[in-house]
Amino acid sequence: KLPSVGIVGATGAVGVQLIKCLEVRGFPLSSLRLFASARSAGKRLPFRGQDLIVEELGSRSFEGLDIALFSAGGSTSREYIPIAAKAGTVSIDNSSAFRMTDGVPLIVPEVNPQALGPDDKIIANPNCSTIIALVPLWPIHQRLSISRVVVSTYQAASGAGAAGMAELEHSTRAHLAGEAFAPQVFPHSYAFNVFSHNSKVDIEDGDNEEEAKMLKETRKIFSAPGFRISATCVRVPVMRAHCESLHVECEKPVDLEEVRGILSNAPGVRIVDDRAGNKFPMPVEASGQDDILVGRLRMDTTDPTNRSFWMFVSGDQLLKGAALNAVQIAELLLQK
Ligand code: A2P
């Protein structure tokens, strides 16, 4: 019997991509139901040539639902996922609410599919920056044993949802028109600017939550409690694909051709590394793509032990960073 599927937060930036991913991938389902807040009830969204009507989310929404894909923020997940679990629905959660909870698997299908158990009722989708880094890092780690990663992110507006994307557009228009613009989603003016990630900063150690997530989540996904990955997370005025600069240090000397070979066979990775043409991963090319683009592969020549190299990646925050990864988890669930 095919599963019945629901999307919670269907009208959001990720929700719309969840609908598209289910359609494009031909996900086998008996019915799809769309949920959002009361504000969106009655709205129509297309799926497989039909208009589906958005329903207001409520505590009875999960009756008869096999799988719920949640992307409506942490507080909605915390309130409704336990209700869904009681109704027998398996939730795949895009928020950070349950990611670090013991017993909740945190899954990137290319990395740790084995962590998903057949009886899991709550499955967490990792943070977007974490997923985009780990898809290329994992096959390298398996073959070359990474000892340390230093990462700087260049994060798009889409990570802050539809309202974040609208704010980038509106603040840019205002800036070009010479008009004043009061930011509402982000703490700073977004147009023609770069600022430290808008998550809470820990006053003691100075890391923001995004940076802390990259460390904690990587350790959980890799099942490597001592794994070293240190991040600086930054917003750039880009609509929907994140970039990351990764400095990777391995246990042993690195042969860059071997790294290239590993990445060219890695699932979910596409190499874009044209030195002569000075063309490397860019958000305008990563947007709308399933693969993580990887390039700027070069040795760190200042490491006399030849164990360090650089790479630059770009991945669609709304797809592999969110919706696509969640739908791949649902596909994995059906296989199990
Ligand atoms: P709505 O459009 O009705 O506000 P984004 O990540 O782009 O900000 O989208 C958030 C999604 O979560 C939207 O679909 C939004 O619905 C939904 N949402 C927000 N709050 C709630 C809530 N309390 N109950 C149900 N859905 C919610």
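Residues numbered from 1 in each chain as written. Predicted model: local features only at pLDDT ≥ 70, side-chain atom pairs only at ≥ 80, totals over all residues. Heavy atoms only, no water.

**Q** Just give me the short version of the site of the ligand, but keep the residues and values in it.
**A** Surveying the vicinity of the ligand reveals 15 residues, the closest of which are Thr11, Ser37, Arg39, Ser40 and Ala162. Considering the ligand on its own, with 580 Å² of exposed area, one finds that the protein chains cover 70% of that surface. A per-class count over the shell around the ligand returns six nonpolar, eight polar and one charged. (Near = heavy atom within 4 Å. Areas by Shrake-Rupley, 256 points an atom, 1.4 Å probe, with all protein chains shown as cover. Nonpolar A, V, L, I, M, F, W, Y, C, P; charged D, E, K, R; others polar.)

**Q** Residue-level account of a negative patch on the surface, with values.
**A** Taken together, the side chains of Asp202, Glu204, Asp205, Asp207 and Glu209 present a region of like negative charge at the surface. As for its position among the elements, Asp202 is in the loop between β10 (195-196) and α5 (209-221). (Patch = residues over 30% accessible without salt bridge, like charges linked within 9 Å, V, L, I, M, F, W, Y side chains within 5 Å. Salt bridge = Lys/Arg side-chain N within 4 Å of Asp/Glu carboxyl O. Lys, Arg positive; Asp, Glu negative; His and termini not counted. Charge placed at Lys NZ, Arg CZ, Asp CG, Glu CD. Helix = DSSP H or I, 4+ residues; strand = E, 2+ residues; numbered from the N terminus.)

**Q** Residues and numbers for helix α2 (residues 74-86), please.
**A** End to end, α2 covers 19 Å across 13 residues, agreeing with the expected 18 Å (1.5 Å per residue, within 8%). The elements touched by buried residues of α2 are β1 (4-8), β6 (67-70), β7 (90-93) and β8 (122-124). Residue Gly88 follows α2 closely and has a positive phi angle near 90 degrees. (Expected span 1.5 Å × (residues − 1). Contact = heavy atoms within 4.5 Å.)

**Q** Provide a residue-level description of the side chain of Ser71, including the pertinent values.
**A** Mapped onto the secondary structure, Ser71 falls in the loop between β6 and α2. Judged by relative accessible area, which is 17%, Ser71 ranks as buried. Engagement of the side chain of Ser71 in a polar contact is seen with the side chain of Asn94, the distance being 3.4 Å. In this view, Ser71 contacts Val8, Gly9, Val14, Leu18 and Asn94; residues no more than four positions away in its chain are not counted. (Buried < 20%, exposed > 50% of the residue type's maximum accessible area, 1.4 Å probe, protein only. Polar contact = N/O pair within 3.5 Å; in protein donor to acceptor, adjacent residues only side chain to side chain.)

**Q** Can you break down the environment of Ile19 residue by residue, with the values?
**A** Locating Ile19 in the fold gives a position in helix α1 (residues 13-24). Judged by relative accessible area, which is 4%, Ile19 ranks as buried. In this structure, the C-alpha to C-alpha distance between Ile19 and Gly6, residues 13 residues apart in sequence, is 9.8 Å. Among residues more than four places away in sequence, those in contact with Ile19 are Ile7, Ala10, Leu34, Leu45, Pro46 and Phe47.

**Q** Lay out the sheet that holds β8 with the relevant residues and their values.
**A** What the six strands build is an open sheet, ordered β5-β2-β1-β6-β7-β8; its pairing is parallel. Strands with a single pairing partner mark the edges of an open sheet, and in this sheet they are β5 (55-56) and β8. Across three bridges, β7 lies against β8 in parallel orientation. Along β8, the bridge assignment pairs Ile92 with Ile123. Against the sheet, α1 makes contact with β1, β2 (31-36) and β6, and its axis sits at roughly 155 degrees relative to β1, the strand it touches most. (Pairing = 2+ DSSP bridges. Axes fitted to C-alpha atoms, helices over the stretch in contact; angles between N-to-C directions.)

**Q** Could you give an account of the sheet that holds strand β13 (residues 241-250), naming the residues involved and the relevant values?
**A** Ordered by their spatial adjacency, six strands build an open sheet running β11-β9-β13-β16-β15-β14, and the pairing between neighbours is mixed. Of all the strands in the sheet, the pair left with one neighbour each is β11 (229-232) and β14 (269-271). Each adjacent strand pair in this sheet contributes to an overall mean axis angle of 25 degrees, direction not counted. Here β14 runs beside strand β15 (residues 292-299); their pairing, made up of three bridges, is parallel. Residue pairing in the sheet places Arg270 in a bridge with Leu293 of β15. Its contacts with the sheet put helix α6 (residues 256-264) on β14, β15 and β16 (308-316), and the angle it makes with β15 is roughly 175 degrees.

**Q** Tell me about the pattern of salt bridges, residues and numbers included.
**A** As enumerated under the stated definition, the model contains twelve salt bridges in all. Measuring nitrogen to oxygen at the nearest pair gives 2.9 Å for the salt bridge that ties Arg60 to Glu63. Using a relative accessible area of 61% as the deciding quantity, one classes Arg60 as exposed. Look at the salt bridges and you will find they share partners, linking Glu257, Arg260 and Asp273 into a network.

**Q** Describe in detail the packing of aromatic side chains, supporting the description with residues and values.
**A** By the definition in use, this model includes eight aromatic pairs. Seen from their ring centres, Phe62 and Tyr80 are 6.5 Å apart, and the 45 degrees between their planes marks the pair as tilted. Here Tyr80 lies in helix α2 and Phe62 lies in the loop between β5 and β6, a separation of 18 residues in the sequence. The class for Tyr80 is buried, based on a relative accessible area of 14%. Their ring planes at 70 degrees and their centres at 4.7 Å tell us that Phe186 and Tyr190 sit as a pair that is edge-to-face. (Phe/Tyr/Trp six-rings, centres within 6.5 Å; stacked < 30°, edge-to-face > 60°.)

**Q** Give a detailed account of the domain arrangement of the protein, specifying residues and quantitative values.
**A** It is common to give the size of an interface as the accessible area that goes away when the parts come together. Split by domain assignment, the protein resolves into domain 1 (4-125 + 322-335) and domain 2 (130-317). Look at where the C-alpha atoms of domain 1 and domain 2 centre, and you get two points 25 Å apart. With 17 residues of domain 1 at the interface, the matching set in domain 2 holds 18 residues. For the pairing of domain 1 and domain 2, the buried interface totals around 1,500 Å² over both sides, and the portion due to carbon and sulfur atoms is 65%. Together, Met100, Glu110 and Val111 form the three largest contributors to the area buried by domain 1 at its contact with domain 2, with a combined 33%. Applying the counting rule to domain 1 against domain 2 returns one salt bridge. With a closest N to O distance of 3.0 Å, Glu217 and Arg99 form a salt bridge. Summed over the shared surface of domain 1 and domain 2, the number is five residue pairs in polar contact (both at pLDDT 80 or more). Here the side of domain 1 that touches domain 2 gets three residues from one element, more than from any other, and that element is helix α8 (residues 319-335). Grouping the constituent residues of the side of domain 1 that touches domain 2 by class yields eight nonpolar, six polar and three charged. (Domains from an automatic or database assignment. Buried area = accessible area lost by both parts, 1.4 Å probe.)

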